[in-house]
Amino acid sequence: MRGLLLTLSLFNPFTFLPLTAQVYLDETQPLEQRVEDALRRMTLDEKIAIIHAQSKFSAPGVKRLGIPDMWTDDGPHGVRPDVLWDEWEQAGQTNDSCVAFPALTCLAATWNPQMARIYGESLGEEALYRGKAMILGPGVNINRTPLNGRNFEYMGEDPWLASRMVVPYVQGLQSKGVAACVKHYALNNDEEYRHQVNVIVSDRALREIYLPAFEAAVKEGGAWAIMGAYNLYKNQHNCHNEILLNRILKQEWGFDGVVVSDWGGAHNTDEAVRNGLDLEFGTWTDGLTMGATNAYDNYYLALPYKKAIQEGRYTTKELDEKVRRVLRLHFRTTMNRQRPYGFLCSEAHYDAARKIAGEGIVLLKNEQHVLPIQQNAKVLVVGENAIKMMTVGGGSSSLKVQHEVLPLDGLQSAPNSQFTIDYARGYVGDTVQSYNGVTVGRSIAESRTPAELRAEAVEKAKQADVVIVFGGLNKSDFQDCEGHDRRQYELPYEQNELVEALAKVNKNIVFVNISGNAVAMPWIDKVPAVVQGWFLGSEAGNALADVLTGRVNPSGKLPFTWFRQLSDVGAHSLNTYPGTWREGHDVIDEEYKEDIFVGYRWADLSAKRKKEMLTAHRSPLTAHRSTPLFPFGYGLSYTTFDVTVNGHEGGADVSVTVTVKNTGKVAGAETVQLYVGPDKPDNSRPVKELKAFQKVWLEPGESKTITLTASRQSLSVWDEAAGQWTFIPGTYRAYIGTSSNTNSSFKLNLL
Ligand code: BGC
């Protein structure tokens with residue numbers, strides 16, 4: 001009898017498979033069988049436990065079954081330092097000083113998917129060393145307004161570019177057995193009131209502009225996790241949003257991974273149960289500051305959910321589905337015995353960081369060959385951003401680095417340089433050098449007044465051959481920082497006055513803009529050279545010095561349109577930002593009235609069409625067509641290129657053959673871009689949209705022929721009535737250029 005009972009208890013009553021065969025631990029077995037095997041061994045308590053956090057950055061495994069805890073961490077530019085179990089305070093570890101990779105705007109500016117692959121792989125190795133199974137990144141929210149405090153963590157304004165760059169990042173990271181958690185899904189396009197914004201957007205703009213990068217990350221990249229955004233869409237929070245999560249992500253795209261809530265993004269049990277949330281993190285915290293101690297049992301998917309199941313309000317259908325997804329994540333990460341070993345701060349990681357940074361820096365203006373810096377020149381470096389660490393600050397992406405090379409130090413130690421360097425502070429921005437418990441050892445305190453600092457810089461500039469101003473934004477609140485948006489498009493800290501004053505006494509001014517966003521440059525005609533220097537991570541100073549001295553020939557291209565003024569941006573021109581508060585001040589409705597016309601798609605619109613849109617939306621502004629200061633896809637080189645279109649083929653897909661020749665004296669790279677639009681723009685579609693690009697490296701005098709192909713699917717539009725993608729046959733126009741500002745175009749008949 002005893003023997004019989006024992007035998008019976010070893011059999012699962014539903015499947016009659018022997019529980020002794022530990023299929024879930026056997027890596028030779030198919031993933032889904034392992035998932036089902038583990039699932040049926042788990043008790044209700046164990047299932048409930050693994051779908052919510054147990055600490056700020058971990059969720060429990062099932063110790064009884066040998067399923068380890070799941071540790072995660074930000075993301076997306078390096079592995080965030082450890083905080084205490086249930087506090088935001090630093091844990092004070094000595095093994096969590098990492099390599100900071102360039103911010104994702106810089107990665108996007110490389111226009112080189114190989115860089116994204118290396119980025120993902122390197123970050124994956126750092127994550128492995130740190131015991132993190134999932135990295136909270138990359139971010140692919142579209143740059144809709146340059147005020148968004150978090151644009152630096154994203155990949156620009158164009159869905160095609162962001163898609164091409166996110167896929168290899170995800171694949172590179174996951175090739176190391178570390179999950180990507182692509183964020184923030186979706187429509188989290190500004191930070192101000194991020195918990196209260198309800199986005200109103202057409203289905204078409206949602207599908208054509210805001211979702212493609214997420215879709216690519218899931219369908220092509222095979223992302224194992226995705227993070228719901230804080231904001232609302234159709235009046236429902238996006239961490240438990242029926243349309244975005246259940247219908248689009250899971251049903252339509254076939255996502256089999258885990259939906260993770262943003263920290264504090266879950267708001268009620270019923271929606272969390274039904275609307276696609278799988279793993280709840282950070283409830284009652286905002287991810288950065290606020291926190292309630294030991295709230296974990298009270299999470300929406302913890303005891304309240306268990307009680308509801310026990311009371312019969314839910315079956316375990318939804319629970320099992322969530323558990324399956326979390327188990328899949330475990331088998332792909334924590335329980336993947338094939339994972340390689342991790343490395344922290346390896347030479348290869350620093351090399352990758354420097355290379356990505358060097359390829360992403362964008363040369364925006366370079367008259368009279370002011371750059372690269374001439375040998376023997378007397379160089380004056382000016383500005384706080386030459387001596388300020390930028391890896392500390394900015395919100396959850398803040399890091400604790402082993403080292404960060406500052407721009408001034410990078411220039412001073414540039415190999416083979418024979419120029420002399422002097423420094424003047426020029427302006428004071430934010431001298432706080434610590435964030436969330438990570439403190440920079442070097443003080444940049446300054447007691448002189450702005451006028452005194454300017455005067456010193458001007459005096460020194462009179463003696464210099466070239467003046468390199470490192471200015472721009474920083475990672476402080478209301479700059480490029482999570483939690484808020486910028487309050488102005490203008491440069492802060494009286495930098496405009498500084499540049500104007502310097503330009504009066506020295507004609508060789510180089511402005512290096514350190515930021516993740518465009519800024520107004522009212523003095524643009526008075527300075528001969530401008531460089532977009534992003535937030536470049538650990539190797540910032542070296543990478544900037546590489547480009548400024550010519551050791552690296554710049555090849556970065558803007559991943560967004562650089563508008564002259566805020567009122568030139570669609571969202572601002574239509575007065576849609578930050579939205580309209582509802583009565584009670586709980587929800588702010590933000591209607592994306594510019595629809596699909598984001599970035600260059602807006603800039604390309606005719607004045608007539610803009611006027612119609614402004615009138616229709618009763619915008620107080622007047623319509624004008626203003627050319628951007630620098631177009632999307634734009635960036636110069638120290639060499640020159642000829643781009644010739646050899647031929648093209650229509651039919652189903654569009655293929656264009658192009659020859660690129662380096663006509664200058666140094667080796668360099670050019671990115672050839674293919675845009676497609678209707679032959680006769682009728683305003684129902686953008687004039688043109690990026691559909692393919694390729695970066696080509698060439699020695700002086702060398703030519704290469706490449707073929708750019710735009711697939712029929714990529715040329716389809718979202719048909720709102722039918723709820724599907726449709727290709728419209730007809731006469732199109734293809735544009736080939738080295739930025740979105742191109743007149744080289746030809747007609748195409750597409751069947
Ligand atoms: C951010 C997320 C981040 C999380 C955890 C939140 O505030 O929005 O991007 O991953 O905190 O730090």
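Parameters at a glance
Residues numbered from 1 in each chain as written. Predicted model: local features only at pLDDT ≥ 70, side-chain atom pairs only at ≥ 80, totals over all residues. Heavy atoms only, no water. Helix = DSSP H or I, 4+ residues; strand = E, 2+ residues; numbered from the N terminus. Rg over C-alpha atoms; globule rule 2.2 N^0.38 Å. Buried < 20%, exposed > 50% of the residue type's maximum accessible area, 1.4 Å probe, protein only. Contact = heavy atoms within 4.5 Å. Areas by Shrake-Rupley, 256 points an atom, 1.4 Å probe, with all protein chains shown as cover. Lys, Arg positive; Asp, Glu negative; His and termini not counted. Charge placed at Lys NZ, Arg CZ, Asp CG, Glu CD. Core = buried A, V, L, I, M, F, W, Y, C linked by side-chain atoms within 4.5 Å. 1 Å grid on protein atoms, 1.4 Å probe; cavity = no way out; pocket = protein on both sides within 12 Å on 5 of 7 lines; lining within 4 Å. Points joined across faces, edges and corners; volume = space filled by probe spheres on them. Nonpolar A, V, L, I, M, F, W, Y, C, P; charged D, E, K, R; others polar. pLDDT = per-residue confidence, 0-100. Polar contact = N/O pair within 3.5 Å; in protein donor to acceptor, adjacent residues only side chain to side chain. Pairing = 2+ DSSP bridges. Axes fitted to C-alpha atoms, helices over the stretch in contact; angles between N-to-C directions. Near = heavy atom within 4 Å. Sits in = over half its atoms within 2 Å of the grid points. Salt bridge = Lys/Arg side-chain N within 4 Å of Asp/Glu carboxyl O. Phe/Tyr/Trp six-rings, centres within 6.5 Å; stacked < 30°, edge-to-face > 60°. Lys NZ or Arg CZ within 6 Å of the ring centre and 35° of its normal. Parallel < 35°, antiparallel > 145°, perpendicular 65-115°, else oblique. Left-handed = near helix turned anticlockwise from the far one by under 90°.

### Focus on the overall build of the chain
Reasoning step 1: Of the regular secondary structure elements, the chain holds 20 helices and 28 strands.
Reasoning step 2: Relative to a compact globule of 751 residues, whose C-alpha radius of gyration would be 27 Å, the chain shows 27 Å and is just as compact.
Reasoning step 3: Considered along the principal axes of its C-alpha atoms, the chain spans approximately 100 × 60 × 55 Å.
Reasoning step 4: For the chain, the residues scored as buried account for 62% of the 751 residues in total.
Reasoning step 5: Here the contacts in the chain between residues at least 6 apart in sequence split such that 73% fall between residues at least 24 apart.
Reasoning step 6: Just so you have it, the chain exposes about 27,400 Å², and 50% of that area is on carbon and sulfur atoms.
Reasoning step 7: On the chain, the mean spot of the 77 positive side-chain charges and the mean spot of the 88 negative ones are 3 Å from each other.

### Some remarks on the nonpolar core
Reasoning step 1: Core analysis: the largest hydrophobic core is formed by 138 residues, its most contacted members being Leu107, Tyr185 and Leu327.
Reasoning step 2: At eight residues, the largest contribution of residues to this core is made by helix H6 (residues 159-174).
Reasoning step 3: Apart from the residues within four sequence positions on either side, Leu107 is in contact with Met115, Ala116, Tyr119, Met155, Met165, Tyr169 and Ile356.
Reasoning step 4: Counting 75 residues, the second-largest nonpolar core is a separate cluster that includes Phe152, Val499, Val531 and Val547.

### Considerations on the layout of surface pockets
Reasoning step 1: Estimates place the volume of the largest pocket at around 500 Å³.
Reasoning step 2: What lines the largest pocket is a set of 22 residues, and nearest its centre among them are Trp160, Pro212, Gln713, Ser714 and Trp725.
Reasoning step 3: At the level of elements, H6, helix H8 (212-219) and strand S23 (689-698) are the ones that each hand at least two residues to the lining of the largest pocket.
Reasoning step 4: The residue inventory of the lining of the largest pocket, partitioned by class, reads eight nonpolar, five polar and nine charged.
Reasoning step 5: The volume enclosed by the second largest pocket comes to roughly 370 Å³.
Reasoning step 6: Forming the walls of the second largest pocket are 20 residues, and the residues nearest its centre are Leu636, Ser637, Tyr638, Thr639 and Thr640.
Reasoning step 7: Elements that contribute at least two residues to the lining of the second largest pocket include exactly strand S10 (362-366) and strand S22 (668-678).

### Comments concerning the confidence of the model for the chain
Reasoning step 1: Per-residue confidence for the chain gives a mean pLDDT of 94; residues scoring 70 or more make up 97%.
Reasoning step 2: In the model, residues 1-15 has pLDDT below 50 throughout and makes 12 contacts with residues more than four positions away in sequence or in other chains.

### Some thoughts on empty space enclosed by the protein
Reasoning step 1: Counting across every chain of the model gives seven cavities of 30 Å³ or more.
Reasoning step 2: When its volume is computed, the largest cavity comes out at roughly 160 Å³.
Reasoning step 3: Together, 21 residues line the largest cavity, and Met390, Thr391, Phe535, Leu536 and Gly537 are the ones closest to its centre.
Reasoning step 4: Of the residues assigned to the lining of the largest cavity, the class counts are 12 nonpolar, six polar and three charged.
Reasoning step 5: The residue makeup of the lining of the second largest cavity, split by class, is five nonpolar, three polar and eight charged.

### Focus: the environment of Arg425
Reasoning step 1: Inspection of the secondary structure puts Arg425 in the loop between strand S12 (420-424) and strand S13 (434-435).
Reasoning step 2: Ignoring any residue separated from it by four or fewer positions in sequence, one finds Arg425 in contact with Val382, Gly383, Glu384, Ile387, Thr431, Ile444, Ala445, Glu446, Arg448, Leu453 and Glu456.
Reasoning step 3: Reaching out from Arg425, the side chain makes a polar contact with the side chain of Glu384 at a distance of 2.7 Å.

### Considering the sheet that holds strand S27 (residues 730-737)
Reasoning step 1: If you trace the four strands from one edge of the open sheet to the other, you get S23-S22-S27-S28, paired in antiparallel fashion. Two strands lie at the open edges of the sheet, namely S23 and strand S28 (745-750), each paired on one side alone. Taking each pair of neighbouring strands and ignoring which way they run, the sheet shows an average axis angle of 25°.
Reasoning step 2: Where S22 meets S27, six bridges bridge the pair, whose relative direction is antiparallel. Of the residues in S27, the one forming a bridge with Tyr675 is Tyr735.

### A short note on the site of the ligand
Reasoning step 1: As a structural note, the neighbourhood of the ligand is formed by 16 residues, with Asp74, Arg150, His184, Asp262 and Glu482 the closest of them.
Reasoning step 2: Note that an oxygen atom of the ligand is positioned 2.7 Å from one of the side-chain N or O atoms of Asp262.
Reasoning step 3: For the ligand, an oxygen atom lies 2.7 Å from a polar atom in the side chain of Glu482.
Reasoning step 4: Contact with the protein chains removes 100% of the 310 Å² of surface that the ligand exposes when unbound.
Reasoning step 5: When each cavity is represented as a set of grid points, the ligand is found to reside in the second largest cavity.
Reasoning step 6: A class-by-class count of the residues in the shell around the ligand yields five nonpolar, three polar and eight charged.

### Digging into the pattern of salt bridges
Reasoning step 1: Summed over all chains, the structure comprises 62 salt bridges.
Reasoning step 2: Lys183 is paired through a salt bridge with Asp74; the nearest N and O atoms lie 3.3 Å apart. Linking Lys183 in strand S4 (residues 179-185) with Asp74 in strand S2 (residues 70-74), this pair joins segments that are 109 residues apart in sequence. Considered together, Lys183 and Asp74 belong to a single accessibility category, that of buried residues.
Reasoning step 3: Because the salt bridges share partners, they merge into one network encompassing Glu384, Asp422, Arg425, Glu446, Arg448, Glu456 and Lys460.

### Notes on the packing of aromatic side chains
In this description, a pair of aromatic rings is defined by centroid distance and the angle of the planes.
Reasoning step 1: Taken as a whole and judged by the stated rule, the model has 27 aromatic pairs.
Reasoning step 2: Here the aromatic rings of Tyr305 and Tyr314 are separated by 5.8 Å at their centres, their planes lie at 80°, and the arrangement is edge-to-face.
Reasoning step 3: Take Tyr305: its relative accessible area is 0%, and that puts it in the buried class.
Reasoning step 4: Given a relative accessible area of 9%, Tyr314 falls into the buried group.
Reasoning step 5: Between the NZ or CZ atom of Arg144 and the centre of the ring of Tyr592, over which it lies, the distance is 3.7 Å.
Reasoning step 6: The ring of Tyr675 carries Lys688 above its face, with NZ or CZ at 5.8 Å from the centroid.

### Some thoughts on H8
Reasoning step 1: Burial analysis of H8 places seven of its eight residues in the buried class, the great majority of the element.
Reasoning step 2: Of all the positions in H8, only Pro212, Ala213, Phe214, Glu215, Ala216, Ala217 and Val218 are classed as buried.
Reasoning step 3: Buried positions along H8 lie against H6, S4, helix H7 (203-210), strand S6 (225-228) and helix H9 (242-252).

### Notes on the sheet that holds strand S1 (residues 58-59)
Reasoning step 1: Read from one edge to the other, the open sheet built from six strands follows the order S1-S2-S3-S4-S6-S9, with strand pairing classed as mixed. Sheet topology places S1 and strand S9 (258-260) at the edges, where each strand pairs with a single neighbour.
Reasoning step 2: The sheet strands contacting H6 are strand S3 (134-136) and S4, and the helix crosses S4 at an angle near 145°.
Reasoning step 3: Its contacts with the sheet put H8 on S4 and S6, and the angle it makes with S4 is roughly 160°.

### Some words on the side chain of Glu482
Reasoning step 1: With respect to the helices and strands, Glu482 occurs in the loop between strand S15 (466-472) and helix H16 (495-505).
Reasoning step 2: One polar contact links Glu482 to Arg194, side chain to side chain, over a distance of 2.9 Å.
Reasoning step 3: For Glu482, the contacting residues outside a window of four places in its chain are Gly149, Arg150, Glu153, Glu191, Arg194, Leu288, Gly394, Gly395, Ser396 and Asp477.

### Remarks on the packing of H6 against H8
Reasoning step 1: Relative orientation of the contacting elements H6 and H8 amounts to 30°, with a least axis distance of 8 Å. Relative to H8, the element H6 lies roughly parallel. Remark: the crossing between H6 and H8 carries right-handed chirality. For the pair H6 and H8, contact is made by Pro159, Ala162, Ser163, Arg164, Val166, Val167 and Val170 and by Pro212, Ala213, Ala216 and Ala217, respectively.
Reasoning step 2: The class makeup of the residues in the contact of H6 with H8 is nine nonpolar, one polar and one charged.

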